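Chains, contacts and geometry: an overview
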Amino acid sequence: MTAETDTQTATGSCCGGSSACQDGTAATAGVTTVYRVTGMTCGHCEGAVTAEVSGLAGVSSVKAVAATGEVTVVSEAPLDLEAVRAAVDEAGYELAGLA
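Summary of the structure given here. (Residues numbered from 1 in each chain as written. Predicted model: local features only at pLDDT ≥ 70, side-chain atom pairs only at ≥ 80, totals over all residues. Heavy atoms only, no water.)

This part covers the environment of Glu94. Within the fold, Glu94 resides in strand β5 (residues 94-98). C-alpha separation for the pair Glu94 and Thr38, spaced 56 residues apart in sequence, amounts to 5.3 Å. If sequence neighbours within four positions are ignored, Glu94 has contacts with Arg36, Val37, Thr38, Val88 and Asp89. (Helix = DSSP H or I, 4+ residues; strand = E, 2+ residues; numbered from the N terminus. Contact = heavy atoms within 4.5 Å.)

Rendered as structure tokens:
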């Protein structure tokens, strides 16, 4: 497995250099980490994982995709893997590691 963790900044992002997205929201900088989660099969599964992981301190966005088993998390700083594991477990799924 390979880990994908990137630090993102507003410069050069889809939002351009203005630090504001086209929809008027501010661009967020942070650390993007992609996790592999097993057991997700539908939108309800995605929502459950998203809700639990979103509750972790410092998390600004979560995108769970059942079809790939990937959960992409943007946070202020790298997250503790065991904290992410506990959140995924609470949702009823299993964290298999980094994607």
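This paragraph deals with the state of the cysteines. Applying the stated criterion across every chain, the model contains zero disulfides. Not engaged in a disulfide, the cysteine Cys42 finds its nearest cysteine sulfur in Cys45; these two sulfurs lie 3.6 Å apart. (Disulfide = S-S within 2.5 Å.)

We now examine the nonpolar core. One broad rule of soluble globular proteins: the nonpolar side chains tend to lie buried together. The biggest cluster of nonpolar side chains holds 21 residues, and the ones touching the most others in it are Met40, Val49, Val53, Val71, Val73 and Tyr93. Elements represented by at least two residues in this core include exactly β2 (30-38), α1 (43-54), β3 (59-65), β4 (70-75) and α2 (81-91). (Core = buried A, V, L, I, M, F, W, Y, C linked by side-chain atoms within 4.5 Å. Buried < 20%, exposed > 50% of the residue type's maximum accessible area, 1.4 Å probe, protein only.)

A few words now on the pattern of salt bridges. Any two side chains of opposite charge can pair, on the condition that their charged atoms come close. Under the counting rule described, the total for this entry stands at two salt bridges. A salt bridge links Glu70 to Arg36; the shortest N-O distance between them is 3.4 Å. Here the residue Glu70 occupies a position in strand β4, and Arg36 occupies one in strand β2, the gap between them amounting to 34 residues. Its salt-bridge partner being Arg85, residue Glu82 comes within 3.4 Å of it at the nearest N-O pair. (Salt bridge = Lys/Arg side-chain N within 4 Å of Asp/Glu carboxyl O.)

With that settled, consider α2. Listed in full, the buried residues belonging to α2 are Val84, Ala87, Val88 and Ala91. For α2, the arc enclosing every buried residue in end-on projection is 95°, short of the 170-degree limit, so these residues lie on one face. Here the buried face of α2 lies against β2, α1 and β5. A positive backbone phi angle near 100° is found at Gly92, which sits one or two residues after α2. (Arc of directions from axis to C-beta.)

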